[in-house]
Amino acid sequence: MSKEITSRAADYSQWYNDLVLKGELADYSAVRGCMVIKPYGFALWENMRDALDKMFKDTGHVNAYFPLFIPKNFLSKEAAHVEGFAKECAVVTHYRLKNDPNGGGVVVDPEAKLEEELIVRPTSETIIWNTYKDWIQSYRDLPLLINQWANVVRWEMRTRLFLRTAEFLWQEGHTAHATKEEAIEETEKMLDVYATFAEEFMAVPVIKGVKTESERFAGAENTYCIEALMQDGKALQAGTSHFLGQNFAKAFDVKFSNKENQLEYVWATSWGVSTRLVGALVMAHSDDQGLILPPKIAPLQVVIVPIYKGDEQKAQIGVKVDEIIKELKALGIRVKYDDNDNARPGWKFAEYEMKGVPVRLAIGARDLEKNVVEVARRDTKEKNTVSLDGIAGYVQQLLADIQQNMFNKAKLYRDEHITKADSWDEFEKLLDEKGGFISAHWDGTAETEEAIKEKTKATIRCIPLNNSQEEGKCILTGKSSSQRVLFARAY
RNA sequence: CGGGAGGUAGUUCAGCCCGGUAGAAUACCUGGUUUGGGACCAGGGGGUCGCAGGUUCGAAUCCUGUCCUCCCGACCA
């Protein structure tokens, strides 16, 4: 099989596609805009999901599941919400097929038209708040802290594997609170969870911030986000957390009795991350040889490749490898021994590099004699010969080093690509020649934001949290501004 | 949804202009030699040419429609 990968310099988009396809994360499907997540890619997602799920549980949330289908009228109850999603909803109109009387297979049975059409959820606020109405009566029912793992559908015109597909997997947290302050606290807490996950597990540094009004979630009072930077200098929104105010409570009439026995509308949040994170992971770390996966979530952390002449050597190596595997597994390390006889070592090396396995151990007869093993790390491609005594501990430490090194490298790149611009010329030049985040003054109006987008395709990614206040002039209009915001071209 | 490109063996592609027995490399299977960075020899299996119509004695090739993918743009996470 041809396994060559397009270089980043030659064609960044194609490089990304090559990694996803040849790294066996996903495949295209027969359905427009939808992908098949392959076992290796799904194992990666499962590791991400499990880590996130634990963090949600640790912060007091529980999982539940709400329907895939949403009655059409639910969506229209919150004006901004329907405005934001109407253009990309799949709609179920019929409930039955029948044999084509003209003989061409099956057709939709026109007599089986639904009285009320169903929307395939693009997000679940409406169905969930319709349910919460029944669940919440008193302040004693609050807070309600629920998450669901689900698939959602947004009918995108232009799709890209993991980054933007018509159907994707995600989690969506939906919480209800007695006070505004508590809801805002929840919104910020979950943003912190996402940032911690991105940095500690994915080794992707992120900037926490809030969205401007035009980038805000449809139906939210305020949208918080984490923004990551890809190797081509484009930004990617990696997660969002919304303070929904009382918008959905009012739309779905969700009230509670407070301690003074007065009825009040409930305060809400919602927050989500999706399989898009897999795309972020690929683009943040990988190189022209293939994927580079951070050890904490890599499906495989260590692969062992035997190098032998004849069955006798292979058997001897196998005995030693069994011991190594036992030691590694005792430390909870995910390890695979590839003794497949059909592929030679060089082929295997290239294959596992493409798939981003963090550590490779190569062991041959010469190594057995000297009681050593060759250890290769994927992130730096360094190779070392290491004693087999205490190898498991060595590998465990190495995995931790790789995790840290990947984060450091990504952070260095990210930090070098946050640049201040104080004139329009400088701003445009930075966008075209350097990319990354550009920190610049903005007059705070949607009109200016839109004009800048028109001219440069750059959007305001976020207003960083705890942003330092600084007097200045808007990069475009020259009007006064009290703080810098981060602009970038984005995915 | 607009513009461009593409869909032929598991994969990458040639053949199409000019209609006439479906090809190569690689992967796969068998046997053997091999194995420290994508091995080699010999033999073998595998494709209703995206799908549906049409033209024709005859269609991968010409015509029409349709589906899927890629790149660019508009829209959006």
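Please refer to the structure placed before this passage.
Cut-off values and rules
- Residues numbered from 1 in each chain as written.
- Chains lettered and ligands numbered in written order.
- Predicted model: local features only at pLDDT ≥ 70, side-chain atom pairs only at ≥ 80, totals over all residues.
- Heavy atoms only, no water.
- Phe/Tyr/Trp six-rings, centres within 6.5 Å; stacked < 30°, edge-to-face > 60°.
- Helix = DSSP H or I, 4+ residues; strand = E, 2+ residues; numbered from the N terminus.
- Buried < 20%, exposed > 50% of the residue type's maximum accessible area, 1.4 Å probe, protein only.
- Salt bridge = Lys/Arg side-chain N within 4 Å of Asp/Glu carboxyl O.

Novice: So what exactly am I meant to see when it comes to the packing of aromatic side chains here?
Specialist: What describes a pair of aromatic rings is the distance from one ring centre to the other and the angle between the planes of the rings. Under the counting rule described, the total for this entry stands at 16 aromatic pairs. Each ring, one from Y132 and one from W135, has its centre 5.8 Å from the other, and the planes form 35°; the classification is tilted. Within this pair, Y132 and its partner W135 are both found in helix α5 (residues 125–135), separated by 3 residues, close to a single helical turn. A residue is classified by how much of its surface remains accessible, and Y132, at 0% relative accessible area, is buried.

Novice: How should the pattern of salt bridges be read in this particular structure?
Specialist: Between side chains of opposite charge, pairing is possible as soon as their charged atoms come close. A complete count under the given rule lists 28 salt bridges for this structure. Across the salt bridge formed by E227 and K211, the nearest N and O atoms sit 2.8 Å from each other. In this pair, E227 sits in strand β12 (residues 222–229) while K211 sits in the loop between β11 (207–210) and β12, placing the two residues 16 residues apart along the sequence. The class for E227 is buried, based on a relative accessible area of 0%. The closest approach of N and O atoms between D287 and R378, which form a salt bridge, is 2.7 Å. Pair noted here: D287 is in the loop between α8 (276–285) and β17 (302–307) and R378 is in the loop between β20 (372–377) and β21 (383–387), with a separation of 91 residues, a long-range link. An identical accessibility class is assigned to D287 and R378; each is buried. Beyond isolated ion pairs, a larger network of salt bridges with shared partners links K211, E215, E227 and R461.

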